Amino acid sequence: MPRHAILIIDMLNDFANPKGALFCEGTAIITPKLQEIFKWVRERNAEGKDDVQLVHIQEAHRKNDADFKVRPVHAVDGTWGSDFVTELKPEEDEYIVKKRRHSGFAYTDLDLYLREENIDTVVVTGTWTNVCVRSTATDALARAYKVISLTDAIHSKTQEMHEHGLRDLSIFTKLMTFDEYKEAWEKGLDPWTGGGDPENKVK
């Protein structure tokens, strides 16, 4: 039986709010789709289906983080900037992984959690297609997970950055829209093998 974890990467105030330190314009485009995903997964869970989980990835830096040598100060742990946007708050039973680097796997317990939950497929969503999403997907593959990228639930600072990121992701992940992903589950299929574009084209 396949078990999937949908990772929601860095949908935080500093990236997804216009007042944020590293505001990423594409987040406004994907927020409604992510809300739709949240609703679908939570309804499945309420029905007793636990084969798809939401896992929230939260950038949470220390005050003098080395990351700030190359980028502006952002998403400091415990501040407004590091908090989840209002529209996409985790629920109490949903796992949160704090990170200080681009990848959700770098120096965190994400891999341990996924293995404890017998997850075999990582589904990436969230912000900065070409940075944090791509880095997390790369590390998921390196740890032998199957990886799906939901193309309409990912975005970046510009459309060009987003498209470059998707082209990279198409090399080593399966590209699908959320509707294709959902349809596969509702047909009783594992989306990894039973849905989406077989040619894995950037849409």
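The structure displayed is predicted, hence computed values, not measured ones.

Calculation criteria
- Residues numbered from 1 in each chain as written.
- Predicted model: local features only at pLDDT ≥ 70, side-chain atom pairs only at ≥ 80, totals over all residues.
- Heavy atoms only, no water.
- Helix = DSSP H or I, 4+ residues; strand = E, 2+ residues; numbered from the N terminus.
- Rg over C-alpha atoms; globule rule 2.2 N^0.38 Å.
- Buried < 20%, exposed > 50% of the residue type's maximum accessible area, 1.4 Å probe, protein only.
- Contact = heavy atoms within 4.5 Å.
- Areas by Shrake-Rupley, 256 points an atom, 1.4 Å probe, with all protein chains shown as cover.
- Polar contact = N/O pair within 3.5 Å; in protein donor to acceptor, adjacent residues only side chain to side chain.
- Expected span 1.5 Å × (residues − 1).
- Arc of directions from axis to C-beta.

Colleague: Could you give me a rundown of the overall build of the chain, with the residues and numbers involved?
Modeller: Summing up its helical and strand segments, the chain has seven helices and six strands in all. Scanning the chain from its N terminus toward the C terminus, one meets helices and strands in the order β-α-α-β-β-α-β-α-β-α-β-α-α. The C-alpha radius of gyration of the chain comes to 16 Å, within 12% of the 17 Å expected for a compact globule of 203 residues. Expressed as lengths along the three principal axes of its C-alpha atoms, the size of the chain is roughly 45 × 35 × 30 Å. The buried share among the 203 residues of the chain stands at 53%. Sequence-distant contacts in the chain: of pairs separated by 6 or more residues, those separated by 24 or more amount to 74%. Accessible surface, the chain: about 9500 Å² in total, of which carbon and sulfur atoms supply 51%.

Colleague: With reference to specific residues and values, describe the environment of Lys39.
Modeller: Secondary-structure assignment places Lys39 in helix 2 (residues 27–46). In this structure Lys39 comes out as exposed when scored by relative accessible area, which is 52%. Of the polar contacts made by the side chain of Lys39, one reaches the side chain of Glu43; its length is 2.7 Å.

Colleague: I'd like a rundown of helix 5 (residues 159–172), residues and numbers included.
Modeller: Residues three or four positions apart in an α-helix share a direction because the helix packs 3.6 residues into each turn. If you check helix 5, its first and last C-alpha atoms are 21 Å apart, about what 14 residues at 1.5 Å a residue would give, namely 20 Å. Among the residues of helix 5, those classed as buried are His162, Gly165, Leu166 and Leu169. Projected onto a plane normal to the axis of helix 5, the buried residues spread over an arc of 105° and lie on a single side. Set apart from the buried face of helix 5 by more than 90 degrees, the exposed residues are Glu160 and Ile171.

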